[in-house]
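# Structure assessment
Single-letter residue listing:
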Amino acid sequence: RECVVMTDARCSGAQVRGNVRWDIAPSGSDEAAVLDALDAAFALHPELDELGFVVQADDAGLPLPVQVFDGRKLGVAAACLPLLYKRAFSLYKNVVYKHPLQNAELAKSVTRALMVVNPEHHTALNLRKQLILAGLLSPREELSFLNLIFTKHTKCPIAWAHRRWLLNHMTKSFGDHSTLWDAELSLCERVAIVYPKNYYAWSHRAWVLASYCCNNEKVQTNTKKMGYDLRRSHNATGAKRTA
């Protein structure tokens, strides 16, 4: 597979625990390099559609912080997550907090990094709402970012609530967005197929249906088919377990 390495910087200060390297004493330059690598990945690959954390064996050397596979798959070294979080939160506290709208690009960078590590970070989500309301962050861009987040973090009620806020904002501010709802249902279907008992994805789907799609025959047909497919998959899985 094609692998584009975003930076030559490596995570240092690592300690081996089992077969995974975990960073415990990073230097300031390492923290900056990880955040810069993440920013570069988003800048060079705007079509990213999958997020994963890369775990590296202890004999493989220091991990590359960020890699992009096939131009769309974003991999962040698990060992570098503490550095990424520390750097992003430090910049938020010391720079962005005082004047968030005057530092919009930095605000987008640090909140994005915080959400990659913890998608239920209240501060990051609230700041991104401010950026959207001020016209400094595109709602469509935020939807795409949440799509990416939900490929890794699917059971995050605060992130799902943020998505509902975003959809309501788009509908009220920009008029009819009928094309949004097919995408929302597709997102819920993808998550439900991977995790059939994901309460938050099903709740979001119910909200979409009740709020915007209650009279849409196409959506109703899709819902019945999805329910049938999931029941068939569940029955097949149960039959294999009892065999």
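Look above for the structure.
Our subject in this report is the structure included herewith. Note that the structure is predicted; figures quoted are calculated from it, not measured.

Conventions and cut-offs
- Per chain, the residues get numbers from 1 upward, laid out in the order the sequence is written.
- Only residues with pLDDT of at least 70 are given local features in this predicted model, and only at 80 or more are side-chain atom pairs given and counted; all residues enter the totals for whole chains, interfaces and linings.
- Side-chain descriptors were evaluated using all non-hydrogen atoms of the structure, hydrogens and water having been removed beforehand.
- Only DSSP runs of H or I with at least four residues qualify as helices, and only runs of E with at least two residues qualify as strands; both kinds are numbered from the N terminus onward.
- Relative accessibility decides the category of a residue: with a 1.4 Å probe and only protein chains considered, values under 20% of the type maximum give buried, values over 50% give exposed, and everything between is partly exposed.
- Contacts between residues were defined by any pair of non-hydrogen atoms, one from each residue, lying within 4.5 Å.
- Only the protein chains shown count as covering a residue, and every accessible area follows the Shrake-Rupley method with a 1.4 Å probe.
- Here, a strand pair is defined by DSSP locating no fewer than two bridges between the strands.
- Definition used for salt bridges: Asp or Glu carboxyl oxygen within 4 Å of a side-chain nitrogen of Lys or Arg.
- Centre distance within 6.5 Å is the pairing criterion for rings of Phe, Tyr and Trp, where only the six-membered ring of Trp is used; planes under 30 degrees apart are then read as stacked, over 60 as edge-to-face, and the remainder as tilted.
- For the purposes of these results, a polar contact is taken to be a pair of N or O atoms within 3.5 Å, where, inside protein, one atom must be able to donate a hydrogen and its partner to accept one; residues adjacent in sequence count only when each atom of the pair is a side-chain atom.
- Each axis is a line fitted through C-alpha atoms, and for a helix only the stretch in contact is used; angles between axes span 0 to 180 degrees, taken between their N-to-C directions.
- Any angle between 65 and 115 degrees counts as roughly perpendicular, while under 35 counts as roughly parallel, over 145 as roughly antiparallel, and the rest as oblique.
- Note on convention: near helix rotated counterclockwise from far helix by under a right angle means a left-handed crossing. Clockwise means right-handed.

### What to know about the overall build of the chain
- Counting its secondary structure elements, the chain contains nine helices and six strands.
- Counting only residues that meet the buried cut, the chain has 42% of its 243 residues in that class.
- Contacts in the chain between residues far apart in sequence, at least 24 positions, make up 67% of those at least 6 positions apart.
- In the form shown here, the chain has an accessible surface area of approximately 12800 Å², with 53% of it arising from carbon and sulfur atoms.

### Details of the pairing of strand β6 (residues 73–77)
- Counting buried residues along β6, four of its five residues qualify, which places the element largely inside the surrounding structure.
- With five bridges joining them, strand β4 (residues 50–54) and β6 adopt parallel strand pairing. Its bridge partner lying in β6, F53 is registered against V76.
- The sheet contact formed by strand β5 (residues 66–69) and β6 spans four bridges and is antiparallel. Residue pairing for β6: F69 is matched across the bridge by K73.
- Between the end of β5 and the start of β6, which pair antiparallel, lie three residues, with D70 showing a positive phi angle near 55°.

### Section: the pattern of salt bridges
- This structure, assessed with the given rule, holds eight salt bridges.
- We note a salt bridge from K86 to E31, for which the minimum N-O separation is 3.5 Å. With K86 in helix α2 (residues 81–96) and E31 in helix α1 (residues 28–44), this residue pair connects regions lying 55 residues apart in the sequence.
- Accessibility expressed as a relative area gives 49% for K86, which makes it partly exposed.
- On the basis of relative accessible area, E31 is assigned to the buried category, the value being 9%.
- Between R72 and D49 there is a salt bridge whose closest N-O contact spans 3.7 Å. Here R72, found in the loop between β5 and β6, pairs with D49, found in the loop between α1 and β4; they are 23 residues apart in sequence, far enough to count as distant.
- One continuous salt-bridge network, built from bridges that share partners, spans D49, E50, R72 and K73.

### Thoughts on the packing of aromatic side chains
- This model, assessed by the stated rule, comprises six aromatic pairs.
- For the pair Y85 and F89, a centre-to-centre distance of 6.3 Å together with 5° between the ring planes defines the contact as stacked. With Y85 and F89 both in helix α2 and four residues apart, the pair spans about one turn of that helix.
- A centroid spacing of 5.9 Å and a plane angle of 75° characterise the contact between Y92 and Y97, whose relative ring orientation is edge-to-face.

### So, the side chain of H153
- Among the structural elements, H153 can be located in the loop between α5 (139–149) and α6 (157–174).
- Here the side chain of H153 touches V116 through a polar contact of 3.0 Å, landing on its backbone oxygen.
- In this view, H153 contacts L51, F53, M115, V116, V117 and P119; residues no more than four positions away in its chain are not counted.

### Some remarks on α5
- Those residues of α5 not exposed but buried are P139, E142, L143, F145, L146, L148 and I149.
- Of the residues flanking the start of α5, the one acting as N-cap is S138, its side-chain oxygen 3.2 Å from the backbone nitrogen of R140.

### Some remarks on the packing of α6 against helix α8 (residues 199–212)
- The contact between α6 and α8 brings their axes to 10 Å, and the two run at 20°. As judged from the angle between their axes, α6 and α8 are roughly parallel. Both α6 and α8 take part in a crossing whose hand is right-handed. In this structure, α6 contributes P157, W160, R163, R164, L167, N168 and T171 to the contact, and α8 contributes Y200, A201, H204, W207 and Y212.

### Here's the deal with the packing of α5 against α6
- It is the contact of α5 with α6, at a shortest axis distance of 11 Å, that shows an interaxial angle of 155°. Accordingly, the angle class assigned to the pair α5 and α6 is roughly antiparallel. Here the hand of the crossing between α5 and α6 comes out left-handed. The residues of α6 that touch α5, namely those facing P139, R140, E142, L143, L146 and N147, are H162, R163, L166, L167, H169, M170 and F174.

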